[in-house]
Structure formats: structure tokens, C-alpha cells
Amino acid sequence: MKVLAKVLGAVAAAIALMVTWLVYAPSAPAASLTEVTGFGTNPSNLRMHLYVPNNVAARPPIVVAVHYCTGSGPAFYSGTEFASLADRYGFIVIYPSATRSGNCFDVSSPQALRHDGGSDPVGIVSMVRYVEQRHNGDPAQVYVTGASSGAMMTNVLLGAYPDVFKAGAAFMGVPFGCFATTDGSSWNSACANGQLIKTAQQWGDQARAAYPGYSGSRPRMQVWHGTEDSTLRYPNFGEEIKQWTNVHGVSQTPSFTDQPQPNWTRTRYGGSGVNAPVEAISIQGVGHSLPLGGQAEMAIRFFGLAGGPTTPPTTPTPTPTPTPPGTPGACRVTYTVNAWNSGLTGAITIANTGDSAINGWSLVFTLPGGQTITSGWNASYAPTSGQVTARNAGYNAAIAPNGSVGVGFQATHTGNTAEPTAFTLNGAACTVA
């Protein structure tokens, strides 16, 4: 009996020790966005931020996520779902940042539109090579996605580097080469306004000419566009479909059509399954404000990086949680305006400076006289002039303590390009940086 008692005592002590270790053992630090320098050839001085999830795969796929004009890699990290999807599926995300005036990517110069020609695409490909070498990234699973300027860059990278990228997803973009200019400017009004119309063969030839002599496989393409886009107008959606169906040598007649959500129309070309060479999603009544909630995951599923159904459930936008009384000023707003002749963009970063998370938010500010919002991203805006309320999208409703989200809009103006002077978040006044 004494021996049995000793054995039972030893077992109990071991169990107690294990419980103590489980309770007090330090947890692994959360993955975070980090900046990488010296990543390789970088002719246009892009910046590189990298997100490597804690559960990264042994041979991880690589997703390049490219921001909109006035944005940055960190803003696209905060304002989209790609990092949380990386946590779920184990891939690595590269977030490039443009550094020229306006923070738009070069999608128009002759250098950018030629394989190894120079400018931004060369720097982005250097980032990919860095991750392949330093993080054991899989060269056979490299993908690119982006919004607006980033969507245009997605088209450029798939055209000029079909040897690097396996697939792309372009939210509100234009065909490869559509923005081309020869006068040194970076804006092509005819393309932006949807007035540059070509045959499928002409668009396809333009993409193929970026890498003469290339005879390998071509990356699959998913394109998204809102019918009310007034920045990169809706006809560009059809021109992208023409281009990429021609590049793949498939019919412009859809092989498959459905409606994942009531105002969405999805068509597939060259196949009816999730691996179709070209997939296109048109969203009725939506402007220049993609990707919205759930759409990033559809892009990841198109890439083949996630299992399960191809249509995510509709997620309602959370109701904003009022800021508790007694904690006014637990927010900071940074506002940057970029103006031209009769238009401007406003980039807004909302930072949570409090001790508790914000779950659902609405930001109220007053636009100076003569300014009218025409489109926005990462938030909904109403009304479009005067006192405006910006409300979170489904994917950026939560702002952790010391965290932030980036949103923005495009507007017209009648000469007054001043900034709003005050902002309130869920009824509490914010510090203006």
C-alpha cells in the first residue's frame, strides 16, 4: 500500500506540474507585418512589407497584394482580409508600396510593360525571388492580386511575367497595356474612361508582346468590377475579359454563369469549374470600392489555396459598438489629400488609441464646400457631401488596441481642396494627426 501511495503521489505531482506548465507557458508571439530592405534589384525604390503567418506551410505559396493609389502596403494589409486568410491557409503575403507622388504604381511606361524592362514590376519580382530564397517559397505557387492601381499592376505582372505568376485576381482594373503612355505621364484618360476598345486579338497580342518568344503556360485570371465605377469605368471589365480569353485561346462565350450573391454575376471562360482559365465577377450598383467582404477569400479560392465551397456566405456588417462613456479621444485620424484639376482623393487612417477593441465603427466628418465623393474603398460613405458618415466594411469592422484601418475615397471639387477639420468615431472626438 505504501508503494501504491508513492506511485499515486508521483502521478499527481506530474499532473500538477503539467497543468502549471500549460497555464504559465509563454505563447508564441503573434505574426506581424515586417518591412524588408535589400531584397534585390529595385529600380523604382519600392518598399516591401512581408506577412509570414505562424502556421506557414513548409513550402508556402506566395501572394503579392498590391495597393491602390494613395495607399501603401501597410494600409492594404490593415484594410483587406489577405493576412487573416494567410493565417488560415498558411501562405505568405508580400505587400509592395509605391513611393512616387500619389503612391500609384507604374503601369504605363514602356519599361513597366516589358519583361525585365525596369520600373516597378522588376522590384516586385525581386520581392518574390527574395521570399522564394529566404522563406522557401514555392516558385510554382506565386499569385498576385490588387485593387485599382494594384489591379492594373496585376494585369501588368501577368502579361510581362507569365513565367513567375500562376494566377491573378484584379479588383477594378484595366487590361494589360491599356494605360500605356509615351509622353512620360502616368495617367491615360481614354483608358480610365472606358474609351479604349480593341478586339480580343489586339488585346491578346499586346499582352504576348511583353515577353517575346515566351511559349510556356499562361497565368489564369479573375477580374472584378462594379457597374457604377466612375474612376476606372465599367467597359474596362469587358476589355479585360477579351484580353485574357484570347491569351488563353478560349471562347468569349461563357462556359458557366451563376449569381453568388443577388447583385453579382459570375462568368467562367474555357471551363466551368473553379480552375477555369478566366473568371469574371460583375457587381451591379457598386462603384470603385472593391474588394468588399468575402471577395478576397473568393480570390484565394480561385488561386487554389483554400478548400471548401467557392461561394462564401454573406456576412452582415456588424453594428457599431458605441465607445464607452468616459473614453473620448481614444482614436486618432490621419488624413492625406491628393488633388488635381477638378478631383482629389482622400486617404484616411483610423487608429484605435484606447485599451479595448472597437467592434464596428462609423466615422463622421464634414467635407469642405464644393467637394463631392464619387467613389470610395474599404468603407461606405453617405451622403456624398456635407457631413459624411463612413461605415466599416464587413472585413475591417474590428480595430484592435493600437491597431488601425485604412480607408479612402475619390471626390470632385470646385476649387476648394481643404481637408476636414474634425472627425468623430462612434460619437467620440478623435485626435487629428
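These remarks concern the structure in this document. In this text the structure is predicted, and so the values were computed from the model without any measurement.

1. Regarding helix α9 (residues 295–303)
In terms of burial, α9 is largely enclosed, as 9 of its 9 residues are buried. When we look at burial in α9, the residues that qualify are Q295, A296, E297, M298, A299, I300, R301, F302 and F303. Immediately downstream of α9, the backbone of G304 shows phi near 90°, a positive value.

2. Some points on the sheet that holds strand β22 (residues 431–432)
The sheet built from 5 strands is open, its strands ordered β15-β19-β12-β11-β22 with mixed pairing. Whereas interior strands pair on both sides, the edge strands pair on one side only; in this sheet they are β15 (372–377) and β22. Relative to β22, strand β11 (residues 331–339) runs parallel, the two sharing 2 bridges. Bridge pairing links V333 to V432 in β22.

3. Regarding the layout of surface pockets
Here the idea is plain: a probe the size of a water molecule rolls over the atoms and shows the empty space left. Its boundaries defined by the atoms lining it, the largest pocket holds a volume of some 750 Å³. Considering the residues around the largest pocket, the lining is formed by 35 residues, among which C69, W187, T231, W340 and Q410 are closest to the centre. Mapped onto the lining of the largest pocket, the elements with two or more residues apiece are α5 (149–160), α6 (189–192), β11, β12 (343–352), β15 and β19 (404–412). Ranked by the residues each element gives to the lining of the largest pocket, the list is headed by β19, at 3 residues. Of the residues belonging to the lining of the largest pocket, the class tally is 14 nonpolar, 18 polar and 3 charged.

The rules behind each value
- Residues numbered from 1 in each chain as written.
- Predicted model: local features only at pLDDT ≥ 70, side-chain atom pairs only at ≥ 80, totals over all residues.
- Heavy atoms only, no water.
- Buried < 20%, exposed > 50% of the residue type's maximum accessible area, 1.4 Å probe, protein only.
- Helix = DSSP H or I, 4+ residues; strand = E, 2+ residues; numbered from the N terminus.
- Pairing = 2+ DSSP bridges.
- 1 Å grid on protein atoms, 1.4 Å probe; cavity = no way out; pocket = protein on both sides within 12 Å on 5 of 7 lines; lining within 4 Å.
- Points joined across faces, edges and corners; volume = space filled by probe spheres on them.
- Nonpolar A, V, L, I, M, F, W, Y, C, P; charged D, E, K, R; others polar.

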